[in-house]
Amino acid sequence: MRRHVPLLTVAALIVALFGLAPLAPLTPLAPEAHAAAPAPAAAGDQPYASYWHPNTILNWNPATDPDARFNRSRVPLRPRVSDPALKANANARAGEGKIASLVSFGPTSNNPSQGSTNPHYYAFGHWQYIDKLVFWGGSASEGLILAPNATVIDAAHRNGVKVYGTVFFPPTAYGGQIQWVRDFAQKSGSTYPVADKLAQVAQYYGFDGWFINQETAGGDAALATELRNEMRYARSLGPVEFMWYDAMTESGAVSWQDSLTSANDSFLQEGSQRTSDSMFLDFGWSAAGLNSSRTLARNLGRSEYELYSGIDTEANGSNTSVPWASVFPAGQPHVTSLGLYRPEWTFNSSSGRADSHARESRYWVGANGDPSNTTTTSAWKGLAHYVPESSAITAKPFVTSFGAGQGDFFHSRGVRVSSGGWNNLSLQDVPPTYRWLVTSTGSKLTPSIDFTDAYEGGSSLRLTGTLDAVNTVRLYQTKLPVAADTKLSVVLKTPAAGPTRLKAAVSFTDAPTTFTTLDLGSTTSTGWERRTLDLSAFAGRTIAQIGLEAAGSVPSYDIRVGQLAVHDGAVDTAAAPTGVTVLGTTDTSATAKSLRLAWTPSASGSVHHYEVYRRNADSTRTFLGATPNDALYLPRLDRAGTEPSTTLDVEAVSTEYGRSPAATTTVGWAPGGTESNLAQGRPATASGQCNTSETPAKAVNGTVSGGTTDKWCTTTAAKWLEVDLGAARSLDRFTVKHAAAGGEDAAWNTRDFTLKVRGSTADPWTTVTTVTGNTAATTTHPVTATARYVRLEITKPTQTTDPAARIYEFEAWGS
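Residues numbered from 1 in each chain as written. Predicted model: local features only at pLDDT ≥ 70, side-chain atom pairs only at ≥ 80, totals over all residues. Heavy atoms only, no water.

Novice: I would appreciate a short explanation of the overall build of the protein in the present structure.
Specialist: A tally of helices and strands in the protein yields 9 helices and 45 strands. Computed over its C-alpha atoms, the radius of gyration of the protein comes to 28 Å, within 12% of the 28 Å expected for a compact globule of 815 residues. C-alpha extents for the protein along the principal axes are approximately 85 × 65 × 55 Å. Counting all 815 residues of the protein, 59% fall into the buried class. Looking at the protein alone, contacts between residues at least 24 apart form 76% of all its contacts between residues at least 6 apart. Of the charged side chains in the protein, 66 are positive and 71 negative; the average position of the first set lies 3 Å away from that of the second. (Helix = DSSP H or I, 4+ residues; strand = E, 2+ residues; numbered from the N terminus. Rg over C-alpha atoms; globule rule 2.2 N^0.38 Å. Buried < 20%, exposed > 50% of the residue type's maximum accessible area, 1.4 Å probe, protein only. Contact = heavy atoms within 4.5 Å. Lys, Arg positive; Asp, Glu negative; His and termini not counted. Charge placed at Lys NZ, Arg CZ, Asp CG, Glu CD.)

Novice: Honestly, unusual backbone geometry in this entry has me stumped. Any pointers?
Specialist: Among all residues except glycine, the phi angle is most often negative; among peptide bonds, the trans geometry is most common. Looking along the chain, the bond that leaves Lys-396 and enters Pro-397 is cis, with omega of 0°. Tracing the chain through its elements places Pro-397 in the loop between helix H9 (353-364) and strand S13 (398-400). A cis amide bond, omega -5°, links Arg-435 with the succeeding residue Trp-436. Inspection of the secondary structure assignment puts Trp-436 in the loop between strand S17 (422-423) and strand S18 (437-440). In this structure, Arg-342 takes a positive phi of about 65° despite not being glycine. Turning to its location among the elements, Arg-342 is positioned in the loop between strand S12 (337-341) and helix H8 (345-348). When its relative accessible area of 5% is taken as the criterion, Arg-342 is described as buried. One non-glycine residue, Arg-501, lies in positive phi territory at about 55°. Here Arg-501 lies in the loop between strand S23 (498-499) and strand S24 (502-508). On the basis of relative accessibility, which here comes to 36%, the residue Arg-501 falls in the partly exposed class.

Novice: What is the right way to read the pairing of strand S34 (residues 631-638) from this model?
Specialist: A regular strand places its side chains so that they alternate between the two faces of the sheet. Extensive coverage of S34 is indicated by the burial of 6 of its 8 residues. Taken together, the 6 bridges between strand S31 (residues 592-600) and S34 define a ladder with antiparallel strand orientation. When the bridges of S34 are listed, Arg-596 appears paired with Tyr-633. (Pairing = 2+ DSSP bridges.)

Novice: Explain the sheet that holds strand S32 (residues 607-615) to me, please; I cannot follow it from the model alone.
Specialist: Consider a sheet: its strands pair through backbone hydrogen bonds, and that pairing is either parallel or antiparallel. What the 4 strands build is an open sheet, ordered S33-S32-S35-S36; its pairing is antiparallel. The sheet terminates laterally at strand S33 (621-627) and strand S36 (663-668), the two strands that pair on one side only. On average, each strand axis in the sheet is inclined to that of its neighbour by 25°, with strand direction left out of account. (Axes fitted to C-alpha atoms, helices over the stretch in contact; angles between N-to-C directions.)

Novice: Quick question: what am I supposed to make of the state of the cysteines here?
Specialist: Among covalent bonds in proteins, the disulfide is the one between the sulfur atoms of two cysteines. If you walk through the whole model with that rule in mind, you get 1 disulfide. Between the sulfur atoms of Cys-690 and its disulfide partner Cys-713 the distance amounts to 2.0 Å. Judged by the torsion about the S-S bond (-60°), the Cys-690/Cys-713 disulfide is left-handed. Here Cys-690, found in the loop between strand S38 (684-686) and strand S39 (712-714), pairs with Cys-713, found in strand S39; they are 23 residues apart in sequence, far enough to count as distant. (Disulfide = S-S within 2.5 Å.)

Novice: Explain the sheet that holds S18 here, please?
Specialist: One open sheet accounts for 5 strands, arranged S18-S21-S28-S24-S25; its pairing is antiparallel. Two strands in the sheet have a free side with no partner beyond their single neighbour: S18 and strand S25 (511-519). Sheet twist, expressed as the mean angle between neighbouring strand axes with direction ignored, is 30°. Bridge count for S24 against S25 is 5 bridges, and the pairing is antiparallel. Bridging across to S25, Ala-505 finds its partner in Thr-517.

Novice: In this structure, what is going on with the nonpolar core? I would like to understand it.
Specialist: Side chains of nonpolar character tend, in soluble globular proteins, to be buried together. In terms of nonpolar packing, the biggest core is built from 83 residues, with Trp-210 and Trp-364 touching the most fellow members. Counting 40 residues, the second largest nonpolar core, distinct from the first, contains Ile-393, Val-430, Leu-461 and Ile-546. (Core = buried A, V, L, I, M, F, W, Y, C linked by side-chain atoms within 4.5 Å.)

Novice: Would you mind going over the pattern of salt bridges with me for this structure?
Specialist: Close approach of charged atoms allows side chains of opposite charge to pair. Counted under the stated rule, the structure contains 45 salt bridges. Between Asp-277 and Arg-274 there is a salt bridge, with its nearest N and O atoms 3.7 Å apart. Look at Arg-274 and you get partly exposed, because its relative accessible area is 30%. Arg-636 is paired through a salt bridge with Asp-638; the nearest N and O atoms lie 2.8 Å apart. When salt bridges with common partners are traced through the structure, they connect Glu-456, Glu-611, Arg-615, Arg-621, Asp-649, Glu-651 and Arg-659 into a single cluster. (Salt bridge = Lys/Arg side-chain N within 4 Å of Asp/Glu carboxyl O.)

Novice: Would you take a moment to explain the pairing of strand S30 (residues 578-589) for this structure?
Specialist: The pairing of S30 with S31 spans 8 bridges and is antiparallel. Each bridged residue has a counterpart across the sheet, and for Ser-589 the counterpart in S31 is Ala-592. Hairpin remark: S30 followed by S31, antiparallel, with 2 residues in the connecting loop.

Novice: Looking at this structure, how should I read the confidence of the model for the protein?
Specialist: Detailed reading of the predicted coordinates is not advisable wherever pLDDT is low. Of the residues in the protein, 95% reach a pLDDT of 70 or more, and the chain-wide mean stands at 93. Counted against residues more than four places away or in other chains, residues 3-41, with its pLDDT under 50, gives 72 contacts. (pLDDT = per-residue confidence, 0-100.)

Novice: What is the right way to look at the packing of helix H4 (residues 193-205) against helix H5 (residues 221-235) in this model?
Specialist: Between H4 and H5, the least distance of the axes is 9 Å, while the angle of their chain directions is 40°. Viewed along their axes, H4 and H5 adopt a mutual orientation that is oblique. As for the relative orientation of H4 and H5, their crossing is right-handed in sense. In this structure, H4 contributes Val-194, Ala-195 and Asp-196 to the contact, and H5 contributes Glu-230, Tyr-233 and Ala-234. (Parallel < 35°, antiparallel > 145°, perpendicular 65-115°, else oblique. Left-handed = near helix turned anticlockwise from the far one by under 90°.)

Novice: Sorry, what's going on with the packing of aromatic side chains here?
Specialist: The description of two aromatic rings rests on the distance between their centres and on the angle between their planes. This structure, assessed with the given rule, holds 38 aromatic pairs. Residue placement shows Arg-228 over the ring face of Phe-267; its charged tip is 5.2 Å from the ring centre. A cation over a ring is seen here: Arg-758 above Tyr-789, with NZ or CZ 5.8 Å from the ring centre. (Phe/Tyr/Trp six-rings, centres within 6.5 Å; stacked < 30°, edge-to-face > 60°. Lys NZ or Arg CZ within 6 Å of the ring centre and 35° of its normal.)

Novice: Looking at this structure, I do not really get H9. What am I missing?
Specialist: Three or four residues apart is the spacing at which side chains of an α-helix point the same way, because the helix has 3.6 residues per turn. Between its first and last C-alpha, H9 extends 16 Å over 12 residues, near the 16 Å set by a 1.5 Å rise per residue. The set of residues buried in H9 consists of Ser-356, Glu-360, Ser-361, Arg-362, Tyr-363 and Trp-364. Against strand S2 (99-103), S12 and H8 lie the buried residues of H9. Looking at the residues trailing H9, positive phi occurs at Gly-366, about 115°. (Expected span 1.5 Å × (residues − 1).)

Novice: For this particular structure, what's the right way to read the environment of Ala-222?
Specialist: Mapped onto the secondary structure, Ala-222 falls in helix H5. Along the backbone, Ala-222 and Leu-755 are 533 residues apart, and their C-alpha atoms lie at a distance of 74 Å.

Novice: When you look at the environment of Leu-725 in this model, what are you seeing that I'm missing?
Specialist: Along the chain, Leu-725 falls in strand S40 (residues 719-737). For Leu-725, a relative accessible area of 0% puts it in the buried group. Leu-725 sits 85 residues away from Ala-640 along the chain, and the two C-alpha atoms are 9.2 Å apart.

Novice: Before we go on, may I ask you to explain the side chain of Glu-529 in this structure?
Specialist: As for its position among the elements, Glu-529 is in strand S27 (residues 529-534). Separated by 2.9 Å, the side chain of Glu-529 and the backbone nitrogen of Thr-524 make a polar contact. Here Ser-525 takes part through its side chain, which lies 2.8 Å from a polar atom of the side chain of Glu-529. Beyond its immediate sequence surroundings of up to four residues, Glu-529 is in contact with Val-490, Val-491, Leu-492, Ser-522, Thr-523 and Thr-524. (Polar contact = N/O pair within 3.5 Å; in protein donor to acceptor, adjacent residues only side chain to side chain.)

Okay, structure coming up:
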């Protein structure tokens, strides 16, 4: 991908393009240096997304690649609808220009196949505006051919978005070698062996095609011809598509045209032969160049909307200068489609989750956070200004718990079953089509994705603000036929029992902008409650929109919606999976393992995903992970005390969110048990933090040597730190490392504090140690207790009047 920056060193380019930190300066490598396939991963180790050089992909076989099974997507590409009558923005033009998005979700190597325990992740939430997603990456040192991981494919397909892997041939100045291009285009008789593998990888992993970025100099016309023939050959092998990047021309030279010209058009269409499915035009395009590109595409019998005019937003995001009128002229047909390079700027440039979501809203929806109102003095109006929303909600059942694909905990039916952070786009629900579209004659309520509570997963929908007039919140565009037994289900929660002042709102395709409302009544508690509404009166009609309507007078309205569902009849379940098998384990400490788990999918019923739990001694269960796949990597399983084995449950969650009986297996532990710090690496929460770097996790990361930010710090009035040990554990001592243990002034050592424990969130806290007048940098506190949750409460944080508590480590020792 040509960048409009000065030439960099090879290592610097890798950092600039892919966010990687090379271990050493990169130099061109001979092809034979990559001839051997990577060594198989250990039995219980982390699986990663696949990448290769042209010669190494020839050795790939899913039957022998231990990671392949974990990279498979099981979510088919869903059809989409886009009703022009329901577009949010009057300026947006339906059926014209589309958007392709080139996104790096992580480095080329070490990109986890199925998410991770890090909640700080680019969980993209505006799928309704894009048509294709390119899983961007590749580097000379690691691999040129990069397949997308399963989580991205799952989320994209659930939203009707196609996913492409990347083939990246870098410029020679940045490590590229023309021999790699020749290896890629090698021919065997009438076949192209690398093309055979590209098709096999896409079909086995379940994605849709490849983005070809050939920028290595030294080619000739013969090589360019072979590349075109290879793409046509690969397309003939089955459903695999190609997007060609405007770099190499038909002469074999690398010469960016910034448009479709006679020098590169055969990479799109050659006579009656379709070479690629689309072309990404380099960033230097002009109005005249795009107009001529449109004319040439039509003369070739192709749509101008198969041309994606690129804009580079990696550095400046929504501050990027773009000649919008050249590609999307106001009041006129779009000239081409649009290609976005690195929209994850919204995440990479942010200071945290809230800031990331604000930047993403600005990028996609505009300055007002309202896709219907993109009025702004800024040249960047948001993509919603040009392209109408599409929706993949075209069949029942439809269920959303407003899951964002990340969270700080995990809930199942409103019960917290894990206190650890996570990301997994395979579990992301279809995001609301309209983010956010609220109409009111008075104050407008504020919708948000709330990460402090959930019914399923790690988030919910929250409506807050002053309610002084009717508020209609449009959420989803749909195409859902209503039968005689169709139900609309809403799970909600209020701060106090009483009237919800909320109604479900639906419109139908025969009058798509007119809502019919159904009252959700009152709540009887402060917990999650379900309302199931009978839609039989509307049988034979088709739901076009689903939303909510709030009405009444409440100065501080606050309500959460944990789930919306449209289904027929009773909630269906699926059969339990069978044959749960531990494929292998790896000891990560004396009392913890990582492992790979697999099972035979449910024999009947429609499965949305499978959830894996560990059984605890107190009859509770702890959530360990989930996937739509039939195999899952579990990064951490902790031993509880000296238990000889741990029982794991795997249950199928149906597409209507019914749950199957559990299938089980056991994981054995070595005889005996040794004492360890059970709090290290476990999920930690706190009353607050002094800044974004001094998080609760720093107090359980096992180190005090990372400088003065290697601590948890807070200035909140009530100061507390809690750790979830994952299961009830036998404890024999606590160790607390205060300010001076990390090299700070001893006057800041914690003076007065209390240590507490409890077995479950339903139990009261029990005090096991109270300390007053401490001056030491490190304190040790023997206890005899069994607990899952441990808590440090600080009543006097320092020896002075300084209000900040500073804890470098909070350790809970036991077995």
